[in-house]
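Commentary on secondary and tertiary structure
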Amino acid sequence: MPRRAVRAVLALVMVAAAVLVGTAAVATAGPAAPKDGCFTWSHDLAEGASGDDVKQLQIRVSGYPASGEVIAVDGEFGPATKAAVARFQKAYGLSETGKGDSATYNKIYELQDDDCSPAHFAFGELNNCNSDWSGGAVSAAEAKSNALRTMWKLEAMRHAMGDKPLRVTSGFRSKACNDQVGGAASSRHLFGDAADLGAGSHSLCEMAKEARNRGFHGILGPGFPGHDDHTHVDHRSSKYWDAPDCGVTN
Ligand SMILES: [Zn+2]
């Protein structure tokens, strides 16, 4: 059998097994298994810790910085990470330990899908250009990881705004896709971290204002040329907020 077919059969077997296990869990009324197909933490993490497990935590709390700040995803558990973890805990009614602990990890498992994206956003939503994230201003892997950080920020923003849907109208763009829509030559959409948000549950200004607290260094919205029909957010290196009709400026 060709390797691809073998993989497909194996996948089917695994799905069948998962269904059986799921059925058994329901039958015994056991707790739902945590959704940790993405990443599982093996121990508590506190200020001073470092490593990939810290980095994984930083990605997931990156929507909880101090206003106007961006949480560094550097694997170093410093005071900004501690404060972000505590804000995340507060947002979900957990005790504010400022540590990576089992209550925090379980909430994250509950919020994330097996591909590490948060519950209410998907990689496909952040990329309607090409499926392999290539052709932008950075490598495909970097564009995709930038989009992941942006999705966790949007998840935090969505939660802070009453858990109502946020509508992403544009995310990652290759150079070709960016040219097609007439995007700026240095657009953050080429880096994967930009998201354009359309009005829906919230007005463009409500979203531009909330984005200030969610780790977005770039905010462009109503009053900025070309941004009267969407609010753009990104995590460029230095702060650039310009949505003058909303009172959102640097
Ligand atoms: Zn944009």
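Whatever comes next refers back to the structure up there.
Residues numbered from 1 in each chain as written. Predicted model: local features only at pLDDT ≥ 70, side-chain atom pairs only at ≥ 80, totals over all residues. Heavy atoms only, no water.

This part covers the overall build of the protein. Counting its regular elements, the protein contains seven helices and six strands. Mapped from its N terminus to its C terminus, the protein presents α and β elements in the order α-α-α-α-α-β-α-β-α-β-β-β-β. Here the protein, with 250 residues, has 45% of them falling under the buried criterion. Of all intrachain contacts in the protein linking residues separated by at least 6 positions in sequence, the fraction that spans at least 24 positions is 58%. As displayed, the protein offers around 12,100 Å² of accessible surface, 55% of which is attributable to carbon and sulfur atoms. (Helix = DSSP H or I, 4+ residues; strand = E, 2+ residues; numbered from the N terminus. Buried < 20%, exposed > 50% of the residue type's maximum accessible area, 1.4 Å probe, protein only. Contact = heavy atoms within 4.5 Å. Areas by Shrake-Rupley, 256 points an atom, 1.4 Å probe, with all protein chains shown as cover.)

On to the sheet that holds strand E6 (residues 248-249). The sheet built from six strands is open, its strands ordered E1-E2-E4-E3-E5-E6 with mixed pairing. Among the strands making up the open sheet, the edge pair consists of strand E1 (167-170) and E6. In the sheet, strand E3 (residues 218-220) pairs with strand E4 (residues 231-234) via three bridges, with the strands oriented antiparallel. Paired with Leu220 across the bridge in E4 is His232. (Pairing = 2+ DSSP bridges.)

Turning to the packing of aromatic side chains, a few remarks are in order. Per the counting criterion, the structure on display carries eight aromatic pairs. Here Phe123 and Trp133 contribute two aromatic rings whose centre-to-centre distance is 6.1 Å and whose plane-to-plane angle is 90 degrees, an arrangement assigned as edge-to-face. Here the residue Phe123 occupies a position in the loop between helix H4 (102-111) and helix H5 (140-160), and Trp133 occupies one in the loop between H4 and H5, the gap between them amounting to 10 residues. Both residues of the pair, Phe123 and Trp133, belong to the buried class. Among the aromatic residues, ring-to-ring pairing joins Phe39, Trp41, Tyr105 and Tyr109 into one connected group. Lys153 extends its terminal NZ or CZ atom over the ring of Phe216, reaching a point 5.5 Å from the ring centre. (Phe/Tyr/Trp six-rings, centres within 6.5 Å; stacked < 30°, edge-to-face > 60°. Lys NZ or Arg CZ within 6 Å of the ring centre and 35° of its normal.)

With distances of 2.0 Å, the protein atoms coordinating the zinc ion are His189 (NE2), Asp196 (OD) and His232 (ND1). We note that the donor set of the zinc ion lies within a single chain, spaced as H-x6-D-x35-H. (Donors = N, O, S within 2.8 Å, 3.2 Å for Na, K, Ca; no water.)

The next subject is the pattern of salt bridges. Counted by the stated rule, this structure contains six salt bridges. Residue Lys82 is joined to Glu47 by a salt bridge in which the shortest nitrogen-to-oxygen separation is 3.9 Å. You can see Lys82 sitting in helix H3 (residues 79-91) and its partner Glu47 sitting in the loop between helix H1 (3-27) and helix H2 (52-60), a full 35 residues away along the chain. The partly exposed category is assigned to Glu47, whose relative accessible area is 41%. Measuring nitrogen to oxygen at the nearest pair gives 2.7 Å for the salt bridge that ties Glu210 to Arg214. As far as burial versus exposure is concerned, Glu210 and Arg214 are alike and both buried. (Salt bridge = Lys/Arg side-chain N within 4 Å of Asp/Glu carboxyl O.)

Our next topic: the nonpolar core. The biggest cluster of nonpolar side chains holds 51 residues, and the ones touching the most others in it are Trp41, Leu45, Leu57, Leu154 and Met157. Looking at this core, the elements with two or more residues in it are H2, H3, H4, H5, strand E2 (195-198), helix H7 (204-211) and strand E5 (240-243). Ranked by the residues each element gives to this core, the list is headed by H5, at eight residues. Other than its neighbours up to four places away in sequence, Met157 contacts Leu166, Leu197, Met207, Glu210, Ala211, Arg214 and Phe216. (Core = buried A, V, L, I, M, F, W, Y, C linked by side-chain atoms within 4.5 Å.)

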